[in-house]
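These are the residues of each chain, in order.
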Amino acid sequence: FILISDGELSRLDGLLLLGLFGFYLFILWRKEGSIGHLKKNVQLKNIWKDGLLFLMAFVALTLGARWLVTGVEELSGLVALSPLFLAAVVLAWGDSLSDLSVSIKSVQRKEAKIGVGDILGSTMANFLFGLGLVSLIYPLKISFISLLPLTIFSLGGLGIFLLFIRKGSINWKH
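Conventions adopted
- Residues numbered from 1 in each chain as written.
- Predicted model: local features only at pLDDT ≥ 70, side-chain atom pairs only at ≥ 80, totals over all residues.
- Heavy atoms only, no water.
- Helix = DSSP H or I, 4+ residues; strand = E, 2+ residues; numbered from the N terminus.
- Salt bridge = Lys/Arg side-chain N within 4 Å of Asp/Glu carboxyl O.
- Buried < 20%, exposed > 50% of the residue type's maximum accessible area, 1.4 Å probe, protein only.
- Contact = heavy atoms within 4.5 Å.
- Axes fitted to C-alpha atoms, helices over the stretch in contact; angles between N-to-C directions.
- Parallel < 35°, antiparallel > 145°, perpendicular 65-115°, else oblique.
- Left-handed = near helix turned anticlockwise from the far one by under 90°.
- Nonpolar A, V, L, I, M, F, W, Y, C, P; charged D, E, K, R; others polar.
- Phe/Tyr/Trp six-rings, centres within 6.5 Å; stacked < 30°, edge-to-face > 60°.

Undergrad: Let's hear about unusual backbone geometry: which residues, and what values?
TA: Despite not being glycine, Ala 80 has its phi angle at roughly 55°, a positive value. Mapped onto the elements, Ala 80 comes out in the loop between helix H2 (44-79) and helix H3 (83-108).

Undergrad: Outline the pattern of salt bridges, supporting the account with residue identities and numerical values.
TA: Applying the stated criterion to the full structure yields one salt bridge. Of the charged contacts in the structure, one is a salt bridge between Glu 8 and Lys 141, with a shortest N-O distance of 3.3 Å. Of this pair, Glu 8 sits in strand S1 (residues 8-9) while Lys 141 is found in strand S2 (residues 140-141), placing the two residues 133 residues apart along the sequence. You can call Lys 141 exposed: its relative accessible area is 69%.

Undergrad: Describe in detail the environment of Phe 129, supporting the description with residues and values.
TA: By secondary structure assignment, the location of Phe 129 is in helix H4 (residues 112-137). Once the C-alpha coordinates of Phe 129 and Gly 14 are considered, the two residues, 115 residues apart in sequence, prove to be 8.5 Å apart. Apart from the residues within four sequence positions on either side, Phe 129 is in contact with Leu 18, Phe 21 and Met 124.

Undergrad: Quick rundown of the packing of H3 against H4? Include the residues and the values.
TA: Relative orientation of the contacting elements H3 and H4 amounts to 160°, with a least axis distance of 7 Å. As far as their axial angle goes, H4 and H3 are roughly antiparallel. Remark: the crossing between H3 and H4 carries right-handed chirality. For the pair H3 and H4, the contacting residues are Asp 95, Asp 99, Val 102, Ser 103 and Ser 106 in the first and Ala 112, Ile 114, Gly 115, Asp 118, Ile 119, Ser 122 and Asn 126 in the second. For the contact of H3 with H4, the residue count by class is four nonpolar, five polar and three charged.

Undergrad: Tell me what's going on with the packing of aromatic side chains, and back it up with residues and numbers.
TA: Inspection of the entire model under this criterion finds three aromatic pairs. Seen from their ring centres, Phe 21 and Tyr 24 are 6.5 Å apart, and the 35° between their planes marks the pair as tilted. One end of the pair, Phe 21, and the other, Tyr 24, are both in helix H1 (residues 11-35), three residues apart, so they sit about a helical turn from each other. The exposure class assigned to Phe 21 is buried, which follows from its relative accessible area of 14%. For the pair Phe 21 and Phe 129, a centre-to-centre distance of 5.3 Å together with 40° between the ring planes defines the contact as tilted. Pair noted here: Phe 21 is in helix H1 and Phe 129 is in helix H4, with a separation of 108 residues, a long-range link. Under the relative-accessibility criterion, Phe 129 is labelled partly exposed at 37%. Put simply, the rings of Phe 21, Tyr 24 and Phe 129 pair up and form one aromatic cluster.

Listed below in structure tokens is the structure:
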């Protein structure tokens, strides 16, 4: 919110956000090495499979994104809604659905920390990487007043989250 106090998310702001995302990934990588199951000796002969899988997933994601944009454009014409509004609703729903499914599965398996980590990681990636990359490519003009409701709800949600973290538990009653 401080970065948009001047009414713009500039290229410099985008670079700062991408730098913070890189720092976040570095911290996660360091923690994974000390508490996780990071492989010590990765053989080069096994990396090509992961690289091929990554490229296939990237192509599928790119095609899916194009089909999504085309579908939203056609749907907006059918239901007489703004394409921007419809895209925002569809993308928000689609982005949140995967986080919801991971959270539900982790609670069912009694591993709630995975769900919390997924939500926090997704939020960090969306804000730091997503906004950083977009503003690096095309600086955004953003009115601080238009983000006031988002700021209030974000800070309220953060406060509730920190309260439950401090308490150490959360149940269906909460």
